[in-house]
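Chain and residue survey
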Amino acid sequence: MPESILVVVEQREGKLNRVSWETLTAGQALSAETGWALQAAVAGNSVGALAGEVAGKKVTKVYAVESPKLDPYTPDAFAAGLRQFIETQRPNLVLMPHTYQVRDFVPKLATAMGRTVISDCIGYKKEGAKLVFTRQMFQGKLAADVSFSCESPWFVTFQNGAFRGDKVEAGASAAPVETVKVEIPENVIRNKPQEVFKEAKQAVDLTQAEIIVSIGRGIKEQKNIELAKQLAEALGGEIAASRPICDSGWLPMDRQIGSSGQTVAPKLYLALGISGAIQHIVGMKGSRTIIAVNKDSEAPIFEIADYAVVGNLFDIVPPLIEEVKKAKAGA
Amino acid sequence: MKILVCMKQVPQKDAPLKLNESGTWIREDVSYEVNEPDAYALEEALRQKEKHGGEVVVITAGPSRSQQVLREALAKGADRAIHLEDQAFVGLDAFNNARAFAAAIKDEKFDLIFTGLQSDDYGYAQTGVILAELLGWPHATIIMQIEKTDSGIRVKRELEAGYFQFVDMPLPAVLTIQSGINKLRYATLIGIKQAKNKPLRKVTMADVQSSVTGNLQKIERMYVPQKTKNTEFLEGPAAEIARKLADKLRNEVRVL
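Residues numbered from 1 in each chain as written. Chains lettered and ligands numbered in written order. Predicted model: local features only at pLDDT ≥ 70, side-chain atom pairs only at ≥ 80, totals over all residues.

Some details on the interface of chain A and chain B
If you look at the interface, chain A gives 76 residues, while chain B gives 68 residues. It is helix α8 (residues 313-328) of chain A that provides the largest number of residues to the side of chain A that touches chain B, a total of 8 residues. Residue composition of the side of chain A that touches chain B, grouped by class: 36 nonpolar, 17 polar and 23 charged. With 5 bridges joining them, strand β12 (residues 192-198) of chain A and strand β9 (residues 163-169) of chain B adopt antiparallel strand pairing. Bridged to Phe197(A) within β9(B) is Phe164(B). (Contact = placed C-beta atoms within 7 Å. Helix = DSSP H or I, 4+ residues; strand = E, 2+ residues; numbered from the N terminus. Nonpolar A, V, L, I, M, F, W, Y, C, P; charged D, E, K, R; others polar. Pairing = 2+ DSSP bridges.)

Notes on the packing of helix α4 (residues 100-112) of chain A against helix α4 (residues 127-135) of chain B
Running from N to C, α4(A) and α4(B) cross one another at 45°; their axes reach a closest spacing of 8 Å. The angle between the axes of α4(A) and α4(B) places the two elements in the oblique class. Crossing handedness for the pair α4(A) and α4(B): right-handed. Where α4(A) approaches α4(B), its residues Pro107(A), Lys108(A), Thr111(A) and Ala112(A) are matched on the opposing element by Val129(B), Ile130(B), Ala132(B), Glu133(B) and Leu134(B). (Axes fitted to C-alpha atoms, helices over the stretch in contact; angles between N-to-C directions. Parallel < 35°, antiparallel > 145°, perpendicular 65-115°, else oblique. Left-handed = near helix turned anticlockwise from the far one by under 90°.)

Observations regarding the sheet that holds strand β6 (residues 112-116) of chain B
Taking strand neighbours across the sheet as the criterion, the 10 strands line up as β12(A)-β9(B)-β8(B)-β7(B)-β10(B)-β6(B)-β1(B)-β4(B)-β5(B)-β11(B) in an open arrangement whose pairing is mixed. Across the chains shown, the open sheet's two edge strands, defined by having one partner strand only, are β12 of chain A together with β11 (200-203) of chain B. In this sheet, adjacent strand axes meet at a mean angle of 25° when their direction is disregarded. Note: β6(B) against strand β10 (residues 173-177) of chain B, 5 bridges, orientation parallel. Opposite Gly116(B), over in β10(B), you have Ile177(B) as the bridge partner. Relative to strand β4 (residues 55-62) of chain B, helix α3 (residues 94-104) of chain B is tilted by about 135°, and along the sheet it contacts β1 (2-6), β4, β5 (80-85) and β11 of chain B.

Describing the domain arrangement of chain A
Where interface size is given, it is often the accessible area lost as the parts come together that is meant. Residues and elements named next belong to chain A. One can read the domain layout of chain A as domain 1 (4-181) and domain 2 (206-328). Summarising the inter-unit geometry, the C-alpha centres of domain 1 and domain 2 are found 33 Å apart. Listed by partner, the interface residues are 7 residues for domain 1 and 10 residues for domain 2. (Domains from an automatic or database assignment.)

What follows is the structure in structure tokens.
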């Protein structure tokens with residue numbers, strides 16, 4: 001079998017998850033550097049059309065890995081079905097986006113095959129013949145280059161935004177698509193999933209906001225949120241928050257920015273008292289301008305800030321509100 | 001319900017981290033705390049016990065300092081603790097940690113095993129899922145709610161962008177628990193006192209050595225991340241910073 005890289009593209013309820021284009025971009029880069037052929041696969045019940053969409057990109061082949069038991073998604077079915085497929089294909093590398101669904105099954109799949117996953121990677125390096133994968137440690141404070149100490153297939157998941165989905169190369173012509181049926185025996189699937197649903201009605205669509213003032217644990221108490229709201233109002237922006245604020249019920253869940261909440265890319269993201277944990281950063285790192293205020297000079301948020309203030313937000317925000325009001329009054 | 005909670009001790013959130021001499025790990029002279037998602041997992045186990053009766057057992061793998069995590073859990077209401085005590089556990093990958101856990105609990109009969117959804121040091125989010133596969137149990141991840149049903153449990157899985165999904169599962173099962181599933185309790189003085197008399201079983205690396213293999217992955221090096229952004233730090237007294245920020249907002253960001 002010629003050496004290959006397999007990108008497992010994600011579909012949910014019959015639609016391609018767009019983050020898969022990022023994984024494909026990563027696969028194309030790795031393929032160019034290693035010389036290994038790039039292939040893609042999409043798993044589900046009847047996914048030929050989705051495989052066809054992927055075939056428009058620069059890949060050598062796309063597989064539709066099918067079984068009625070792959071719909072709805074369960075970790076048991078996906079691990080069993082993809083294991084069968086990967087054991088026949090024997091790619092060197094298996095790449096996936098680090099989505100909640102992938103996290104739910106890929107460690108099971110790798111373990112069943114006696115392998116391991118290097119997860120939530122933000123990049124890679126080729127060092128001689130060896131590939132190392134870069135990932136964040138300690139919530140972004142340090143980085144680590146990690147290599148595999150086992151045989152292939154090597155499983156890697158990439159963090160949202162680590163590669164540019166809009167940079168994926170189109171193919172000169174459509175790649176061949178092959179349907180592969182996998183057998184998933186009775187009694188393999190133990191979970192019974194119900195319909196996916198959205199919780200509360202979403203009162204605000206933060207993805208449409210041009211200016212966002214976002215608060216983290218540094219706000220300390222619920223009553224202090226008023227200060228941040230005043231700043232948001234003065235700027236004509238929306239208030240948002242990192243997860244702990246919403247978990248505490250201080251702001252409704254539809255104000256949450258991060259992997260479990262909204263992903264935004266406004267003109268201005270003002271982070272007040274937010275440390276910059278990875279789960280939050282993935283939801284806002286695409287913002288055009290990021291301003292961060294935090295007491296801790298080592299806070300990971302400063303890695304991605306355009307303008308940084310190491311200081312107490314309670315000292316900074318009140319005069320800032322005044323300056324903003326002055327400026328808007330035409331000073 | 002007999003519930004096992006896998007817990008980890010990690011450096012405190014605001015601890016200043018320094019690389020060790022070989023650049024492959026951190027210097028361990030920092031303050032430690034319980035991995036926050038694991039604290040939520042423990043709280044959920046305690047609430048399930050309060051509702052349905054049973055036992056909550058906590059387990060951790062790490063050097064002697066990590067016993068603190070178990071003591072706090074016992075003080076909060078866990079019934080027993082298991083300490084896989086060895087510095088060597090710090091360097092084990094998730095695969096081998098899960099194998100060590102499985103070996104340590106092989107004579108127990110748990111209905112549920114909880115882990116936090118991921119750790120704040122490695123952030124792999126794998127140990128719980130690997131453990132489920134090793135045990136041959138069903139699992140579900142990023143759980144925000146657990147209810148007992150006639151056939152087992154019904155859990156609420158959190159998905160991205162505000163979506164959720166209920167899943168019915170048989171027992172026994174492994175669940176990875178999301179932060180914010182509940183509100184954490186504080187240990188009471190009575191709880192702290194009672195914790196001293198609760199059983200704490202120590203397990204050595206030698207006891208589980210036959211289950212543990214070499215790591216399947218290796219940290220080649222750790223380093224301070226290279227900055228790709230040109231961050232401008234604004235300094236001075238608060239009033240001056242506010243003025244500078246307003247200038248940036250007007251002239252650079254153009255929102256004023």
